[in-house]
Amino acid sequence: MNNNFLNIGILTWMTFIPVVGMIAVLLVPKEQKTTIRWISLGATIVQLIFSVIIYTNFDRSLAGVNNAATMQFVERYSWIDIKSVEWFGRIHIEYFLGIDGISVPMVLLTALISFVAVLSSWSIEKSIKGYFALLLLLDTGMMGVFVSLDFFLFYVFWEIMLLPMYFLIGIWGGPRREYAAIKFFIYTLFGSVLMLLVLIALYFSVSIPDASTGELVHTFDMIAMMNPANYEANSLLFGLNTSWRYIAYVGLFIGFAIKVPIFPFHTWLPDAHVEAPTAISVILAGVLLKMGTYGLMRVAMPIFPDAAIYYLYPLAFLGFINIVYGALCAMAQTDFKKLIAYSSVSHMGIVLLGMAALNTQGMIGAMFQMFNHGTITAMLFLIVGVIYDRTHTRGLNDFGGLMNQMPKYSAIMVIAFFAALGLPGLSGFVSEVFSFLGAFQTFRWITIASTLGIVLTAGYMLWTLQRVFLGELPEKWKSLTDINNRELIMLVPLAIIVILLGVYPTPILDLMNASANELVDFIKGENNLTILGQ
Amino acid sequence: MIPLNYYLLFAAFLFSVGVVGVLIRRNAIIVFMCIELMLNSVNLTFIAFSAFMGNAIGQMFVFFVMTVAAAEAAVGLAIIIALFRNKKTINIDQINLLKW
Amino acid sequence: MLEQVYNSLQFIKPELILVGTLLVSIIVDLIFKNKKVVVAFVILGLVLSFYYLTFLNSINQLIFFNMYAIDPFAYFFKIFLLVATIGIVLFSVLSKEISDLKSREGEFYYFLVALTIGMFLMTSSTNLIMMYLAIELTSLTSYMLAGFMKEEKSSSEASLKYVLYGAFSSGMMLYGISIIYGLTGSFDLLAINMAIADGVSSLALLISTVLMFVGFGYKISAVPFHFWTPDVYEGSPISVTTILSVASKAAGFSMLMRTAKIMFIDPYAAPTVNDWQIIDSVPIVEILTILSVLTMTLGNLVAIWQSNLKRLLAYSSIAHAGYLLLGVLTMNNEGYSATLIYFVTYLFMNVGAFLIVMLVSNKLNSSDIDSYKGLGMKSPFIGVMFALFLISLTGLPPTAGFVGKLYIFAALVNKKLILLAVIGVLNSVVSLYYYVRIFRNMFLRESDIETPEIKLSLAEKLLILVFAIPTIGLGLYFAPLVEFAHASVEIFSGN
């Protein structure tokens, strides 16, 4: 298996190809708008091709998770190495990339969504150069988060995304863009500074022997942090079930929860979604939200399995609140984008519930739901974008009877909506079933209560379809044109994926099976630990 | 012989007068004089300690303080003149171009 | 005795060269009409001083009868001060405020040299007399520099406020020194340390320590001794504001750190590797903690309401003093080295930010935050560079500011001062809010009035890059900086 191209690893290529594109975009004079668009598209297509290579070459039997040996496409170089002084140990930060079954679906999703986002930005005219440069930088940040295994590197990528996102919402957004952008920025930074403190505490607690000299070196290596044997005695996070470990877990959890977003940290999401331009909403819902749950799976739970188990019940309960609260809020919306934003809150709740189940079905369901929600919500936002481009309104009550006016559009929209409400035969159904089945074994009552969310989701989704498609076509929309080819190019592949995975989910389930099993086994460990509230 | 404490209390009293003066007087020159008063009370403390401990270094410091105080007064008065030319006042309450 | 003086002279070559530069450039200023000759001469002197300084990198010695320390710690700060001063001289050459001074322009530069001498003395003094004289030399020069545009109302007002606050707090500090002298009978820090360790009246010691900290607090503009800072920063020429916010703050910190380490460490405690044993009778850590928390919180909160960019950056520099104090109050090598690292990152990002403010106000005659509306779109280079400096000031990766904050918080977490670390990071979230207001105006808003496009000359662009490249470079690769900082505090190891 050849993982290198021009002696540079494939993950590095994937992560930094958008930066190359960004530099190219910056060098092009701003009048040549078409060139800029094509360069950006080119960068994301190359990324997509790399992701296909990864998909085909990925060894599905290797689990990864807490074992560096079974990580794949690993690239490991020394980045910063500061020699030790008597009173301060050696500082070693690595450029450490690698993927396993948890990250591969996310890598694929990121490449796919970035490609779609560039396509859907085709009609942007305002400062196009800056727009695409920032979009590509954002792409690098997202990809970097999913492939890094060194916590320091992870944090750097995590933070790199903030600024492009702020500007993309703030400059190209809707009327209340300033408010939405700053709210997003402050919320996320609040979460990530807590993460920073935990990162530092972990660094001082964990040390591994240097390969050549044998001296103990503190490390940011996430995989080393997962092994309790690497914790130094008397360090802050040493031991199991200590209050410091619980606090640290909560710190990390808040950092990730804001990204997901988990109730009560979700209030930035509707604002950001409503104000962001279509492509950014797509990225936000398609990839950024997944970073929160990915972080929980990749970082918070394996590093603090004891605390994760201790807080399992609250996690499931938060999942339940997200599902039902999100659905109830969605029901009350008259703004198309806000409705989808709240439906995201609801759907991410299912991921939490599946994760909290802590069994294979639940975990697979959660991971698969992350992937599916990415594709489905991306579709939903694109659909809103299509209609918004034509009518410049998102008010649900302004529409009606579009079925006959825009038949192709309606067909795609029906697929997306049915996938979102979990109709069997479409991908959303599979992951929801897995999540609920898993959760039912662990938290019977919470799961039963959560199914209420499914009913509500079906309710508001169908009601929306009715409001938009059925009834009288208002006079002013008589001249609406149906969906065009560019829009089809970005929507149809997503629709195919949604249908295909609904009928035959194995291609993606295969990828994560081994890792999900390993993750669950690892967190559970040998000893059955107490769960808060049970 | 007069005990050390008398000197110290007197110096502390002078110092307090200086501090209070700086805080409540509004004329820049009087504020400056109050600061000089503070410095002189410090000198008194130095000399008292120095004399009672039989340690000459404290008296040496006094020379430095006096010199620096003179330099400070020179710079301070020059600045007050510059300001007076601009604003025709040296009342601190009216020097309020810069505010939070 | 003369022999020791003579032997000591070889260690203060950098200082002597600066004194020589000062004296000769006064004469040069009188002879030449073209003031750029003075600038060239001053830069030459600074570079020469830098050259001789590099020979002192591994020397650790007390000279002039234990009055003056030549050690790696002072070396670090002297390098820092020279880099800052050279940067600010170049910076001032581009400043319209300074070149408009015409015949007085030359004076400005040799005052900068005099200021540098004062700061050099501050970093090395180990005797209260020396410290007092160094502070006064620095202060007197700063008063004059702050009021340098004496025709401007705001400038002369700033300098009057500065001189009153400065003289008042140095009076306070002197009173503290006099009490310490009475308690210990000496001005030498080491001797004072021994005397304190042997036991003195703790109430008197507390009062004198607090009074001395008034002096330090004023120099580093820590709350509640910060009242002069916003006014002086706003009223002074921007070059002076910059040097006050970076160099003079660094000199104040170096003195505070040296004093805290030498005076209050228990010389009888068992030697330790990292943490220092503090003499029980002085609540030095508590004093520093209160100062630090007040400083960063108030600095950040008040900065939110500012509409003048110079004033906003003044409050932000107050807040940064708070973060720097976090490093000092850990009272161990790690925290001290973190403070040093933070200072270097702060140098580049803060001078860079002030440079942009200066260039914009050269063209627009305003440093009001509203005059930045739409600037980022019209002049993308300025916009992007300013954004970079502001991100770094907020402390986001991959910029230098993040590295500085990382080390400060690492020192706190390692000392298990978690609560302080949490206060610190929350403060940096608050600071984001006002830095983002500047981004918002630059990129998200359209200008209401017609503002001319800002064209920068090549020299101006290059100077911006001189500060921008380390700001991003140190964020990506900070090993040399950290090693330098570690080596510089090595002498403080243990007790």
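Because the structure is predicted, anything quoted here is derived from the model rather than measured. (Residues numbered from 1 in each chain as written. Chains lettered and ligands numbered in written order. Predicted model: local features only at pLDDT ≥ 70, side-chain atom pairs only at ≥ 80, totals over all residues.)

Examining the overall build of chain B
And step 1. What chain B contains, in helices and strands, is three helices and zero strands.
And step 2. Taken from the N to the C terminus, the helices and strands of chain B come in the order α-α-α.
And step 3. The C-alpha radius of gyration of chain B comes to 17 Å, more than 25% above the 13 Å expected for a compact globule of 100 residues.
And step 4. The principal-axis extent of the C-alpha atoms belonging to chain B is close to 50 × 25 × 25 Å.
And step 5. For chain B, with 100 residues in total, the buried portion stands at 32%. (Helix = DSSP H or I, 4+ residues; strand = E, 2+ residues; numbered from the N terminus. Rg over C-alpha atoms; globule rule 2.2 N^0.38 Å. Buried ≥ 20, exposed ≤ 12 C-beta atoms within 10 Å, placed from the backbone.)

A few points about the overall build of chain A
And step 1. Scanning chain A from terminus to terminus reveals 21 helices and six strands.
And step 2. Taken over the C-alpha trace, chain A has a radius of gyration of 23 Å; the compact-globule value for 534 residues is 24 Å, and the two agree within 12%.
And step 3. Each of the three principal axes of chain A carries a C-alpha extent, and together these read 80 × 60 × 45 Å.
And step 4. Counting only residues that meet the buried cut, chain A has 61% of its 534 residues in that class.
And step 5. Here the analysis covers contacts within chain A between residues at least 6 apart in sequence; of these, 79% occur between residues at least 24 apart. (Contact = placed C-beta atoms within 7 Å.)

Re the domain arrangement of chain A
Residues and elements named next belong to chain A.
And step 1. For chain A, the domain assignment lists domain 1 (1-302) and domain 2 (311-525).
And step 2. Of note, the centres of domain 1 and domain 2, computed from C-alpha atoms alone, are 24 Å apart.
And step 3. Mapped onto the side of domain 1 that touches domain 2, the elements with two or more residues apiece are helix H3 (103-120), helix H10 (268-275) and helix H11 (278-303).
And step 4. Considering each element in turn, the side of domain 1 that touches domain 2 owes the most residues, 13 residues, to H11.
And step 5. Across the side of domain 1 that touches domain 2, the residue classes break down as 28 nonpolar, twelve polar and three charged. (Domains from an automatic or database assignment. Nonpolar A, V, L, I, M, F, W, Y, C, P; charged D, E, K, R; others polar.)

What to know about the arrangement of the chains
And step 1. Contact analysis covers two pairs of chains in contact, and the most contacts occur between chains B and C.
And step 2. At the C-alpha level, the nearest point of chain A lies 25 Å from chain B, with no contact between them.

A look at the interface of chain C and chain A
And step 1. Each partner contributes residues to the interface: chain C has 33 residues there, and chain A has 32 residues.
And step 2. Of all elements in the fold, only helix H15 (333-364), helix H18 (400-414), helix H19 (418-444) and helix H21 (479-489) of chain C reach the threshold of two or more residues within the side of chain C that touches chain A.
And step 3. For the side of chain C that touches chain A, the per-class residue count stands at 22 nonpolar, six polar and five charged.

A few points about the packing of helix H14 (residues 309-329) of chain C against H18(C)
Residue and element names in this part refer to chain C.
And step 1. Their axes nearest at 9 Å, the elements H14 and H18 cross at an angle of 40°. The angle between H14 and H18 falls in the class oblique. Our pair here, H14 against H18, has a crossing hand that is left-handed. Side by side, H14 and H18 meet where Tyr 323, Leu 326 and Gly 327 of the first sit next to Lys 405, Ile 408, Ala 411 and Leu 412 of the second.
And step 2. When the residues that make up the contact of H14 with H18 are grouped by side-chain class, the tally is five nonpolar, one polar and one charged. (Axes fitted to C-alpha atoms, helices over the stretch in contact; angles between N-to-C directions. Parallel < 35°, antiparallel > 145°, perpendicular 65-115°, else oblique. Left-handed = near helix turned anticlockwise from the far one by under 90°.)

A short note on the interface of chain B and chain C
And step 1. Across the boundary between the two partners, chain B contributes 33 residues, which contact 33 residues of chain C.
And step 2. At the level of secondary structure, the elements contributing two or more residues to the side of chain B that touches chain C comprise helix H1 (4-24), helix H2 (28-53) and helix H3 (57-87) of chain B.
And step 3. The element contributing the most residues to the side of chain B that touches chain C is H3(B), with 16 residues.
And step 4. Tallied by class, the residues present in the side of chain B that touches chain C amount to 26 nonpolar, five polar and two charged.

What to know about the packing of helix H4 (residues 72-93) of chain C against H21(C)
Residues and elements named next belong to chain C.
And step 1. Packing of H4 against H21 leaves a shortest axis separation of 7 Å and a crossing angle of 135°. Between H4 and H21, the angle falls in the class oblique. On H21, the residues touching Pro 72, Phe 73, Tyr 75 and Phe 76 of H4 are Phe 484, Ala 487, Ser 488 and Val 489.

What about the pairing of strand S4 (residues 91-99) of chain A?
All names here are of chain A.
And step 1. Extensive coverage of S4 is indicated by the burial of eight of its nine residues.
And step 2. Sheet topology places strand S3 (residues 72-82) next to S4; eight bridges connect them, and they run antiparallel. The residue of S4 that forms the bridge with Glu 75 is Leu 97.
And step 3. Of the strand pairs in this sheet, S4 and strand S6 (residues 216-219) are connected by two bridges, and their pairing is parallel. Among the inter-strand pairings, Ile 91 is bridged to a residue of S6, identified as His 218. (Pairing = 2+ DSSP bridges.)

Comments concerning the sheet that holds S6(A)
Residues and elements named next belong to chain A.
And step 1. Ordered by their spatial adjacency, four strands build an open sheet running S3-S4-S6-S5, and the pairing between neighbours is mixed. Bordering the open sheet on either side are S3 and strand S5 (207-209), each of which pairs with just one other strand. The sheet shows a mean angle of 40° between the axes of neighbouring strands, direction not considered.

Concerning helix H11 (residues 228-235) of chain C
And step 1. Of all eight residues making up H11(C), eight are buried, and the element is well covered by its neighbours.
And step 2. All of the buried residues in H11(C) are Trp228(C), Thr229(C), Pro230(C), Asp231(C), Val232(C), Tyr233(C), Glu234(C) and Gly235(C).

As for unusual backbone geometry
And step 1. Omega for the bond connecting Phe263(A) with Pro264(A) falls within 30 degrees of zero, at 5°, which places this linkage in the cis form.
And step 2. Looking at the secondary structure, you find Pro264(A) in the loop between helix H9 (243-259) and H10.
And step 3. The amide bond that connects Pro397(C) to the next residue, Pro398(C), takes the cis arrangement and shows omega of 0°.
And step 4. The residue Pro398(C) is located in the loop between helix H17 (380-394) and H18 in this model.
And step 5. Even without being a glycine, Ser127(A) presents a positive backbone phi close to 35°.
And step 6. Position of Ser127(A) relative to the elements: it lies in the loop between H3 and helix H4 (128-147).
And step 7. Even without being a glycine, Lys88(B) presents a positive backbone phi close to 60°.
And step 8. For Lys88(B), the position within the fold is in the segment after H3.

A short note on the environment of Phe58(A)
Residues and elements named next belong to chain A.
And step 1. Mapped onto the secondary structure, Phe 58 falls in the loop between helix H2 (33-57) and S3.
And step 2. Overall, the presence of 19 C-beta atoms within 10 Å leaves Phe 58 in the partly exposed class.
And step 3. It is 15 Å that separates the C-alpha atoms of Phe 58 and Glu 75, two residues lying 17 residues apart in sequence.

Focus: the nonpolar core
And step 1. Residues Leu197(A), Ala300(A), Ala356(A), Ala416(A), Ile356(C) and Phe409(C) are the most contacted members of the largest nonpolar core, which totals 442 residues.
And step 2. Residue-level mapping places this core at the junction of two domains, with at least three residues from each of domain 1 (1-302) and domain 2 (311-525) of chain A.
And step 3. With residues near it in sequence (within four places) discarded, Ala416(A) still touches Ile376(A), Met379(A), Leu380(A) and Ile383(A). (Core = buried A, V, L, I, M, F, W, Y, C linked by C-beta atoms within 7 Å.)

A look at H2(A)
Residues and elements named next belong to chain A.
And step 1. With 25 residues, H2 should cover 36 Å at 1.5 Å per step; its first-to-last C-alpha distance of 36 Å lies within 8% of that length.
And step 2. Residues of H2 that are buried include every one of Ile 36, Arg 37, Ile 39, Ser 40, Ala 43, Thr 44, Gln 47, Phe 50, Ser 51 and Ile 54, and no others.
And step 3. Those residues of H2 that are buried lie in contact with helix H1 (10-27), S3, H3 and H4. (Expected span 1.5 Å × (residues − 1).)

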